[in-house]
Amino acid sequence: MGVVIIDGSTIRAFVSDEEQFKKSVDERFTALDLNGDGVLSRSELRKAFETFRLVEIHFGVDGAGATPEELTKLYDSIFEKFDCDKNGTIDREEFKSEMKKIMLAIADGLGSCPIQMALEDDDQNFLKQAADLEASKIQ
């Protein structure tokens, strides 16, 4: 387990590094595309959010207190946000575009206030990758 400290500038630098950001997004997209058809379905995106427990942890929704219907509505609204062309699937560009918006929103929220995160050594989420990129420039 390791500890990283990041702020908004760390995340902005990661998103601005077009090559590194695209590589990270492509790796995550490929991992989420369970059937390998080149697009994310509603169920593939939902499985990702369930695995990451992002909805339950970060949106104040307690899995035990929310009904399955409420969780489905929440997951569906997230999917709709990612599905920019409304064709029922999320392609690589849509995924990249929305992840960029999410990362920049996190950066705006953090501003110059640093946060400390404890992460598993093998964790490869976008925030850890942003911290790793910043650390590689210091060394």
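Please read these numbers as outputs of a predicted model, since none were measured by experiment.

Enquirer: Outline the overall build of the protein, listing residues and values.
Expert: Within the protein, the regular secondary structure consists of seven helices and two strands. The linear arrangement of helices and strands in the protein, starting from the amino end, is β-α-α-α-α-α-α-β-α. Put simply, the protein has 139 residues, and 35% of those count as buried. Counted over contacts in the protein with a minimum sequence separation of 6, partners at least 24 positions apart contribute 67%. When the accessible surface of the protein is totalled, it reaches about 8200 Å², and 56% of it is carbon and sulfur.

Enquirer: Just give me the short version of the pattern of salt bridges, but keep the residues and values in it.
Expert: For the coordinates displayed, the defined rule picks out nine salt bridges. Two residues, Asp 132 and Lys 128, come together in a salt bridge whose shortest N-O distance is 3.0 Å. Taken together, the residues span about one helical turn, with Asp 132 and Lys 128 both in helix H7 (residues 126–138) at a distance of four residues. The exposure class of Asp 132 is partly exposed, given its relative accessible area of 32%. Classification of Lys 128 as buried rests on a relative accessible area of 12%. Through salt bridges with shared partners, a single ionic network connects Lys 22, Asp 26 and Arg 92.

Enquirer: Before we move on, could you go through unusual backbone geometry and cite the residues and values that matter?
Expert: Unlike most non-glycine residues, Lys 86 shows phi in positive territory, near 55°. Within the secondary structure, Lys 86 is located in the loop between helix H5 (68–82) and helix H6 (92–110). What makes Lys 86 exposed here is its relative accessible area of 52%.

Enquirer: Describe the environment of Met 103, listing the residues and the values that go with them.
Expert: Tracing the backbone through its elements, the reader meets Met 103 in helix H6. Separated by 88 residues in sequence, Met 103 and Val 15 have C-alpha atoms that sit 7.4 Å apart. Once residues within four sequence positions are removed from consideration, Met 103 is found in contact with Ile 11, Phe 14, Val 15, Phe 21, Phe 126 and Leu 127.

Enquirer: Which residues make up the confidence of the model for the protein, and what are the values?
Expert: Overall, the predicted model of the protein reaches an average pLDDT of 85, with 86% of residues at or above 70. Mean pLDDT per element in the protein: helix H4 (residues 54–58) is the minimum at 50, and helix H1 (residues 8–16) is the maximum at 95.

Enquirer: Which residues make up the nonpolar core, and what are the values?
Expert: Ile 11, Phe 14, Leu 45, Phe 82, Phe 95 and Met 103 are the most contacted members of the largest nonpolar core, which totals 31 residues. Those elements that provide at least two residues to this core are strand S1 (2–6), H1, helix H2 (18–32), helix H3 (42–52), H5, H6, strand S2 (115–119) and H7. Ignoring sequence-local partners within four residues, the contact set of Leu 45 consists of Leu 40, Ile 78, Phe 79, Phe 82 and Ile 90.

Enquirer: I'd like a description of the side chain of Gln 129, backed by residues and values.
Expert: Its place among the elements puts Gln 129 in helix H7. Classification of Gln 129 by relative accessible area gives buried; the value is 9%. Leave out the neighbours within four places in its chain, and Gln 129 touches Phe 14, Ser 24 and Gln 124.

Definitions and cut-offs
Residues numbered from 1 in each chain as written. Predicted model: local features only at pLDDT ≥ 70, side-chain atom pairs only at ≥ 80, totals over all residues. Heavy atoms only, no water. Helix = DSSP H or I, 4+ residues; strand = E, 2+ residues; numbered from the N terminus. Buried < 20%, exposed > 50% of the residue type's maximum accessible area, 1.4 Å probe, protein only. Contact = heavy atoms within 4.5 Å. Areas by Shrake-Rupley, 256 points an atom, 1.4 Å probe, with all protein chains shown as cover. Salt bridge = Lys/Arg side-chain N within 4 Å of Asp/Glu carboxyl O. pLDDT = per-residue confidence, 0-100. Core = buried A, V, L, I, M, F, W, Y, C linked by side-chain atoms within 4.5 Å.

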